[in-house]
Amino acid sequence: MSDDNHSEDQMLNTTSTEPAVTGSVSVHEETGAPAAEAGLDVSRIKQDFPILQRQIFGRRLVYLDNAATSQKPQCVIDAISDYYSGYNSNVHRGVHTLASEATSAYEDAREKIAAFINGDDPKSIIFTRNTTESINLVAHSWGRKHLFPNDEIVLTAMEHHSNIVPWQLLAKDVGCKIRVLDITDDGYLRLDQLNELLNEKTRLVALTQVSNALGTINPVRQIADAAHERGALVLVDGAQAMPHDTVDVEAMGADFFACSPHKALGPTGVGVLWARRDLLEEMDPFLGGGEMIRDVSFERSTWAAVPHKFEAGTPSIADVIGMGAAIDYLTSLGMENVRAHEQAIITYALERLRELPFISIYGPRNPEDRCGLVSFNDVDIHPHDLGTVVDRHGVAIRAGHHCAKPLMTRLGLVASARASFYVYNDMEDVDAFVDALYEARKVFGLPTT
Amino acid sequence: MNPTMSGLDDLYREVILDHYRKPCGGEALENPTIEVDGHNPLCGDDLRMQIEIADGRIKKLHIEPQGCSISVASASMLAKQIEGMTMEEALELKTAFQGVLKGGDWPEGIDFGDLEALEGVKQFPVRIKCALLAWMTLEQALAQYCPGAIGMVDEDRDIEIHAHTLQEKTEEPA
């Protein structure tokens, strides 16, 4: 979008145009902990997020529910607003100026996300509404064509419902079977069971790259290699990975990769599916209607070329453009800096939580095996009560089954609390969170030592 | 922060915490008329309830609650409050209590007992379901035992309730 004037406006509206990255490592004043700010200038990043100015019950908002959805920087909000106020139009096939600008911005965003996950071909990117829809698209358009009775799909015990239920629906329709790779009690995949599970009937291994409930980072490449040796394809649920680390769909050996940019500073309403181009070419359409056709008569219809074959109807144009702005923002921070920042925060958070004798922590002990989230329980307080109390101290955490009920059952839990961190969180946020956990003990009249 | 300002004092009153720590209705019944399981799959709260009915009255009640403080306390208060009531009185109490949680005033002429302590839940809309689980469970159990005597049952699709009538109804409600 170099030939129109709204990109310039966009730059002016953006609160910081320089990447908020520093090279220095500081030490947190109060805790003495090594600051997570190595590489990221968090105090400056915070200024880019207007919502972080909000007070919740008179307290500074400490937003630790990033695994559910992230907050949005001003540049993303502006990109959406600029589209509606400057060049709102439907995309594709329009001959007027607005349509041309909107189409260009929409397709630019496709190139940005393709580059971001190292998918070399933007035509391999399909915009959906969310990760769930991306996985359903694969189950419908690939699964119904290629799976037959007694074929097998391998899932893992730590999947989100979005990577379970579409396969159950498919299995019921075509008569194929679902097999499940178990986990260890501390939240690692049982790789020792992988060879037993995979066989000549396995058609697909669908697994999460990072567990949304435990934070475990899975060895996707190793599993993909084992699956490919048996001729099976691999679908990677990247919803919790893409926002937090460098993603390379080629290097990880994915055949399908699904993610939700709203967890990566983008707006809700856009999901992404990347798939190998050859697979997309021979897959059937997902939804039928406008935008996805080449020709229509009452006798027969033919399909538009990939990726538009899979994008029926008017897409969420503003949100796709907003997503492009979010990708630019993350790219300017540098994903290796984002990962390092979250590593420092989760390391500190785990240390602080381990000081508390009344807290049980779930998932890998080694912070290097985690993304920036931690699931835990106060042994005496139900997570919903805990969530309510810490909210009144400005701290937003999630409590529940995290849409991973089979995992909770496997761990013998009904529910847990979860704190998840992102680029605008710092050590002070961790301290505020831990302070709020102490406050909850006081509300319930429980000892704090 | 002043806990009163944050509403936490209103929500977690001492009487609620007392019920949570030591719920009423702890003793299992030897001769239950109805057994019922109420479950909220959204949050995992779970309640097993046994009810013994004689002469149209709730003679004894046993609960096994699992969940947050609000759901456990509400179930415990229910157990304490409705023993000895007729089925109609118990359902009247349920309807009145539900009305209060949904924003109404406390109606006169009904003894709510400790339930009045749950007033603070009004300020926490997402927790109202916690306070109602026991009451929906009770209503479904009575509806199954005595379908004719109970009008429209408030069906909450988020709550799964499985009631088993162990003894056939032998008499009309009092």
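Just above, that's the structure.
Report follows, based on the coordinates.

Thresholds, definitions, all that
Residues numbered from 1 in each chain as written. Chains lettered and ligands numbered in written order. Predicted model: local features only at pLDDT ≥ 70, side-chain atom pairs only at ≥ 80, totals over all residues. Heavy atoms only, no water. Phe/Tyr/Trp six-rings, centres within 6.5 Å; stacked < 30°, edge-to-face > 60°. Helix = DSSP H or I, 4+ residues; strand = E, 2+ residues; numbered from the N terminus. Buried < 20%, exposed > 50% of the residue type's maximum accessible area, 1.4 Å probe, protein only. Contact = heavy atoms within 4.5 Å. Polar contact = N/O pair within 3.5 Å; in protein donor to acceptor, adjacent residues only side chain to side chain. Buried area = accessible area lost by both parts, 1.4 Å probe. Salt bridge = Lys/Arg side-chain N within 4 Å of Asp/Glu carboxyl O. Nonpolar A, V, L, I, M, F, W, Y, C, P; charged D, E, K, R; others polar.

1. A word on the packing of aromatic side chains
Right, on to step 1. Taken as a whole, this structure holds 13 aromatic pairs over all chains when the rule is applied.
Right, on to step 2. Geometrically, the ring pair formed by Phe444(A) and Tyr20(B) is edge-to-face, given 6.4 Å between the ring centres and 65° between the ring planes. Separated into two different chains, Phe444(A) in the segment after helix 15 (427–443) and Tyr20(B) in helix 2 (residues 14–21) make up a pair that spans both.
Right, on to step 3. Of the residues examined, Phe444(A) reaches a relative accessible area of 3% and is grouped as buried.
Right, on to step 4. An aromatic cluster is built from Phe49(A), Tyr329(A), Tyr422(A) and Tyr424(A), whose rings are joined through pairwise contacts.

2. Things to note about the environment of Ser316(A)
Residue and element names in this part refer to chain A.
Right, on to step 1. Structurally, Ser316 can be placed in the loop between strand 12 (301–303) and helix 11 (317–333).
Right, on to step 2. With 48 residues separating them in the primary sequence, Ser316 and Thr268 have C-alpha atoms 9.5 Å apart.
Right, on to step 3. If near-sequence neighbours (up to four positions away) are discounted, Ser316 is found in contact with Gly269 and Val270.
Right, on to step 4. A polar contact is formed between the side chain of Ser316 and the side chain of Asp319, at a distance of 2.5 Å.

3. Some details on the side chain of His341(A)
Right, on to step 1. One can find His341(A) in helix 12 (residues 335–354).
Right, on to step 2. A polar contact of 3.4 Å, which involves the side chain of His341(A), links it to the backbone oxygen of Tyr422(A).

4. Some remarks on the interface of chain B and chain A
Interface extent is often summarised as the accessible area lost during association of the parts.
Right, on to step 1. Of the residues lining the interface, 22 residues belong to chain B; the matching set on chain A comes to 18 residues.
Right, on to step 2. Approximately 1,500 Å² of surface area, both sides summed, lies buried where chain B meets chain A, with 55% of it carried by carbon and sulfur atoms.
Right, on to step 3. At the boundary of chain B and chain A, one finds one salt bridge.
Right, on to step 4. The closest approach of N and O atoms between Arg127(B) and Asp385(A), which form a salt bridge, is 2.7 Å.
Right, on to step 5. Our count for the chain B to chain A interface comes out at six residue pairs in polar contact (both at pLDDT 80 or more).
Right, on to step 6. Those elements that provide at least two residues to the side of chain B that touches chain A are helix 1 (8–11), helix 2 and helix 3 (69–82) of chain B.
Right, on to step 7. Ranked by the residues each element gives to the side of chain B that touches chain A, the list is headed by helix 2 of chain B, at three residues.
Right, on to step 8. For the side of chain B that touches chain A, the per-class residue count stands at 12 nonpolar, seven polar and three charged.

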